[in-house]
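As a plain string of letters, each chain reads:
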Amino acid sequence: MWIVGLHLRRRGEAVTFTTRILLVLLFGLGLSLPSGGILHAQEEKPQITNVRIGFAGAYKLGNWTPVQVDIEGGSNALTGELQVIVPDGDGVPTTVINPPNRPVGIEPGRTTTVQLYVRVGQSIAPLEARFISADRKIQVKRTFYAGPEAVEGIITGGLPATSRLVLVLGPSLGLGDLLANEVDNELTRTRLVHLESTSELPTQWQGYEGVDTLVLSTSQPELYRPLLQSPGRVEAMRRWVELGGKLVIFCGSQAEELLGTNGALVDLVPGKLSEIVDIQQSQALEIYSGSEKSVTPDRRVNFQVPVFAEIRGKKEAVVSRGQVDVPLVIRSYLGFGELTFVGLDFDRPPLRDWSGRVSFLKRVFAWGDNRSSQLGTNETIELSNEDIITQVRNVLDQSFVGVTVVPFALVAFLVIGYILLIGPGDYYLVTKVFRRPEFTWISFPLTVVVISAAAYWYANWQKGDQQRVNQVEFIDFDATNDSVRGTIWTHFFSPQVDKLDLSFRPVLFDDDEIENNHLVAWLGQPGYTLGGMQSSSGQTSLFDRGYRFTPSLDAMEQVPVQLWSTKTITSRWNCQTNFPLQQSLSRTDDQLLAGTITNDSGQTLEDCVLIYGQWAWNIGQLPTGTTFDLSEAKQPRMVKTLLTSATAGDTTITNTASDGTVPFRQAQEDMTRLAKTMMFFHALSGERYTGMLDRYQSFLDMSHFLDQPELAILISKSGDQGSKWYDATKPLGSDKDRYWLYYRFLIPVQLTTDN
């Protein structure tokens, strides 16, 4: 009250005794009234109560993953936008938002759950969620920090990009037993996640991007019945497999309900269900697993196994039942992805208790732990924790035209020289030469300015003042359904501080008007190396505001770049188009190929190699409009030998091993050799050949098609630019950029009854 009186006196106003009494009464009345009394009722704001990220808290860094945000309504109904902010691999904040045609509605007293998709770039990264109302006011925001496990206000940290994430929906199959002897390494270990219901499955395919294998165990069909009312989840699953995912289905006794005409999983099987038969013998199962232990003591079983017509894929563990061969395992494909079907219920006895179960599952999943390999050069390659994409990024970083990286030794030498110049050098100049110590007030700042200007000039001379782009793109064609899949990695150099509005436009044989679906993102670097996503837990960015993805994740707005810096961005796209080749291939009696291939693409295909099974034919150049007859081809060579030969890369390497292959230590700076290794990593025994992992971008590996007798693969490269990035309306890059464009064509092979 004394303060009020003093304030009024200072304004020169007369304050009477009565006025003071009234002020005291009003002040006391205000203190005694409850909050929201006669002045106004205080509105209750909505609250963000919880965030769930990934699958039961498991997700991989550098991949899209689902995130669910729970918002509890306040006093008023609100409509608006949900924003979720996480850092990218460089520590720059990125924002994703809900589509504007599906605004978030919040009702008073009710909890609204919103699902978005985020791409986390740091191992211990905070997540911020915001709700912004239609009038663009932030109604509520909350930050969730990362920890070892999810508790109130805490989310789990991301798994390394080189780890293996396996989702299992349905009864347990005992997959944990497969990992009993796994090397305990944080960067490579396998994480098994058991989902409780189909509601945990993403509704968009990109939600599975960080998943290595999805396993469906179906002996409890009631778990899958909700999918009939949620076809979007099945479509997302199918789309993910078609774009390179890996799906394993165990389905025996419940096949009729789940795999029949109107079944929830009918679109995910390798054929058309015709019947379910009883199998009473287990010998084929035991032989397939390589186990000496019988399923039952008397080898009598009663398995209900589905039989398919028009099977697509390779039959394994075949049981003869009269005139019908019933495969227990089918190695198939769906689009560009891998589909493995097991017609048995492994969660039920007697298979659940079979001592040979682990051997069988190992063969089905093909999980191994090959830590070293003996190469033809007699040098042992130890498997590191580094992913091969890191080497790809290194090569892209060193390949900019007109941009020279200053050696660290030179930088260290110049820093030492600078310290000597402004310290002892300046002292000697003003005291021994000029004999006027006060001149240091002039000489010292002058030296700093001159040296700084010289350093800037030298850096600009070395790095240039033009934007540069190095780009690698893979475009895959499927003749069986006229589908196309594209993957692009673009590494660009910026000579100045800038903000870019990045959009992407696929180009197919010079046609940039194709209708397509695409996603864009940043591409991280796995591991603990400098700039790696594991090492970036403490990394901060010079840019606090960051950038945002468009609601459909097909563009990035206001992407900040630093002076003389690089950034790697990526896009995955797909479309439908006419197959650009005419082909007539058939399998011969000696398991080779015969027939012709005609190039109708309108472009010359360079460095063509035709692959079928374990064999590869070097076709060379295939100009547009020409036909190649395999009867005129040279003798085929083994796939690994041809794809790692002296002439398999951008340059010829003459120092080969005794088997004609080029050791990886000599090939690792060649982009085409790296690309071919990633395209068929498993077929080339990639871990043993390179000493590296291939898990971050493993969907590119098409080795599983080499097991399909009805398909061949033609690979080639092109000197064209390929797809394009734009900064607003301006193409990204310059006239001195470098592009590597590779095509792969899945070609059907005609099989006869005899072969």
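Residues numbered from 1 in each chain as written. Predicted model: local features only at pLDDT ≥ 70, side-chain atom pairs only at ≥ 80, totals over all residues. Heavy atoms only, no water.

Peer 1: I would appreciate a short explanation of the overall build of the protein chain in the present structure.
Peer 2: Per the secondary structure count, the protein chain includes 13 helices and 37 strands. A buried classification covers 52% of the 755 residues belonging to the protein chain. Excluding contacts between residues fewer than 6 apart, the proportion of contacts in the protein chain whose partners are at least 24 apart in sequence is 71%. (Helix = DSSP H or I, 4+ residues; strand = E, 2+ residues; numbered from the N terminus. Buried < 20%, exposed > 50% of the residue type's maximum accessible area, 1.4 Å probe, protein only. Contact = heavy atoms within 4.5 Å.)

Peer 1: Is there a simple way to explain helix α6 (residues 357-365) in this structure?
Peer 2: Along an α-helix, residues three or four apart share an orientation, since each turn contains 3.6 residues. Those residues of α6 that sit buried are Arg357, Phe360, Leu361, Val364 and Phe365. Angular distribution of buried residues about the axis of α6 spans 120°; they occupy a single face of the element. Next to the buried residues of α6 lie β12 (213-217), β13 (246-250), α5 (283-289), β17 (324-334) and β18 (337-342). Ala366 lies just past α6 and shows a positive phi near 55°. (Arc of directions from axis to C-beta.)

Peer 1: When you look at the pattern of salt bridges in this model, what are you seeing that I'm missing?
Peer 2: Once their charged atoms are close, side chains differing in charge can pair, the charge on each being opposite to the other. If you walk through the whole model with that rule in mind, you get 26 salt bridges. The closest approach of N and O atoms between Asp70 and Arg52, which form a salt bridge, is 2.6 Å. With Asp70 in strand β2 (residues 64-72) and Arg52 in strand β1 (residues 47-53), the pair connects residues that are 18 residues apart, well separated along the chain. A residue is classified by how much of its surface remains accessible, and Asp70, at 10% relative accessible area, is buried. Among the residues examined, Arg52 registers a relative accessible area of 33% and is labelled partly exposed. Arg225 is paired through a salt bridge with Glu257; the nearest N and O atoms lie 2.7 Å apart. Of the two residues, Arg225 is situated in the loop between β12 and α3 (231-242) and Glu257 in helix α4 (residues 255-259); the sequence distance between them amounts to 32 residues. Exposure remark for Arg225: the relative accessible area of 41% places this residue in the partly exposed category. (Salt bridge = Lys/Arg side-chain N within 4 Å of Asp/Glu carboxyl O.)

Peer 1: Please explain the packing of aromatic side chains as it appears in this structure.
Peer 2: Where two aromatic rings form a pair, the distance of their centres and the angle of their planes describe that pair. Per the counting criterion, the structure on display carries 21 aromatic pairs. The interplanar angle of 55° and the centroid separation of 6.0 Å between the aromatic rings of Tyr547 and Phe549 together place this pair among those described as tilted. A residue is classified by how much of its surface remains accessible, and Phe549, at 1% relative accessible area, is buried. Pairing Tyr743 with Phe745 gives two aromatic rings, centres 6.1 Å apart and planes at 40°, and the pair type is tilted. In this structure an aromatic cluster arises from ring pairing among Phe250, Tyr288, Phe346, Phe360 and Phe365. The side chain of Arg119 reaches across the aromatic face of Trp522, ending 5.3 Å from its centre. Taking NZ or CZ as reference, Arg572 lies 3.6 Å from the ring centre of Phe699, over its face. (Phe/Tyr/Trp six-rings, centres within 6.5 Å; stacked < 30°, edge-to-face > 60°. Lys NZ or Arg CZ within 6 Å of the ring centre and 35° of its normal.)

Peer 1: Any chance you could explain the sheet that holds β13 here in plain terms?
Peer 2: By definition, the strands of a sheet pair up through backbone hydrogen bonds, in either a parallel or an antiparallel sense. One open sheet accounts for seven strands, arranged β11-β10-β12-β13-β18-β17-β16; its pairing is mixed. Across the chains shown, the open sheet's two edge strands, defined by having one partner strand only, are β11 (190-195) and β16 (314-321). On average, each strand axis in the sheet is tilted by 15° relative to the strand beside it, whichever way the strands run. In this sheet, β18 lies alongside β13 in parallel orientation, the contact comprising five bridges. Residue pairing across strands places Val248 opposite Thr340, the latter belonging to β18. (Pairing = 2+ DSSP bridges. Axes fitted to C-alpha atoms, helices over the stretch in contact; angles between N-to-C directions.)

Peer 1: Where do I start with the environment of Tyr418 in this structure?
Peer 2: Residue placement: Tyr418 occurs in helix α8 (residues 408-433). Residue class for Tyr418 comes out partly exposed when judged on its relative accessible area of 27%. Linking Tyr418 and Ile451, residues 33 residues apart in sequence, is a C-alpha distance of 7.7 Å. Setting aside chain neighbours within four positions, we find Tyr418 in contact with Val448 and Ile451.

Peer 1: Would you mind going over the environment of Asp135 with me for this structure?
Peer 2: Among the structural elements, Asp135 can be located in the loop between β7 (127-133) and β8 (138-147). For the pair Asp135 and Gly80, spaced 55 residues apart in the sequence, the C-alpha separation amounts to 8.2 Å. A polar contact of 2.3 Å, which involves the side chain of Asp135, links it to the side chain of Ser133. (Polar contact = N/O pair within 3.5 Å; in protein donor to acceptor, adjacent residues only side chain to side chain.)

Peer 1: What exactly am I supposed to notice about the packing of helix α7 (residues 388-397) against helix α12 (residues 671-679) here?
Peer 2: Packed helices, taken two at a time, are described by their axes: the angle between them and the distance between them. Running from N to C, α7 and α12 cross one another at 160°; their axes reach a closest spacing of 10 Å. By the criterion of interaxial angle, the relationship of α7 to α12 is roughly antiparallel. Both α7 and α12 take part in a crossing whose hand is left-handed. Contacts between α7 and α12 involve Ile388, Ile389, Gln391, Val392, Val395 and Leu396 from the first element and Met671, Leu674, Thr677 and Met678 from the second. Tallied by class, residues from the contact of α7 with α12 come to eight nonpolar, two polar and no charged. (Parallel < 35°, antiparallel > 145°, perpendicular 65-115°, else oblique. Left-handed = near helix turned anticlockwise from the far one by under 90°. Nonpolar A, V, L, I, M, F, W, Y, C, P; charged D, E, K, R; others polar.)

Peer 1: What is the right way to look at the nonpolar core in this model?
Peer 2: With 163 residues, the main nonpolar core has Leu216, Phe680 and Phe745 as its most contacted residues. Per-element tally for this core: the top contributor is strand β37 (residues 738-750), with eight residues. The contact partners of Leu216, leaving out residues within four places of it in the chain, are Leu169, Tyr224, Met237, Leu247, Val248, Ile249, Phe250, Leu265 and Leu268. In this structure, Val277, Val326, Val342 and Leu351 belong to the second largest nonpolar core, which totals 34 residues. (Core = buried A, V, L, I, M, F, W, Y, C linked by side-chain atoms within 4.5 Å.)

Peer 1: Can you walk me through the confidence of the model for the protein chain in this structure?
Peer 2: Low pLDDT marks regions whose predicted coordinates should not be analysed in detail. Taken residue by residue, the protein chain gives an average pLDDT of 88. The fraction at 70 or more is 89%. With pLDDT under 50 throughout, residues 1-40 is counted as low confidence; its partners more than four residues away or in other chains account for twelve contacts. For residues 369-379, every residue scores under 50 in pLDDT, and the model assigns this stretch 27 contacts once sequence neighbours within four places are set aside. (pLDDT = per-residue confidence, 0-100.)

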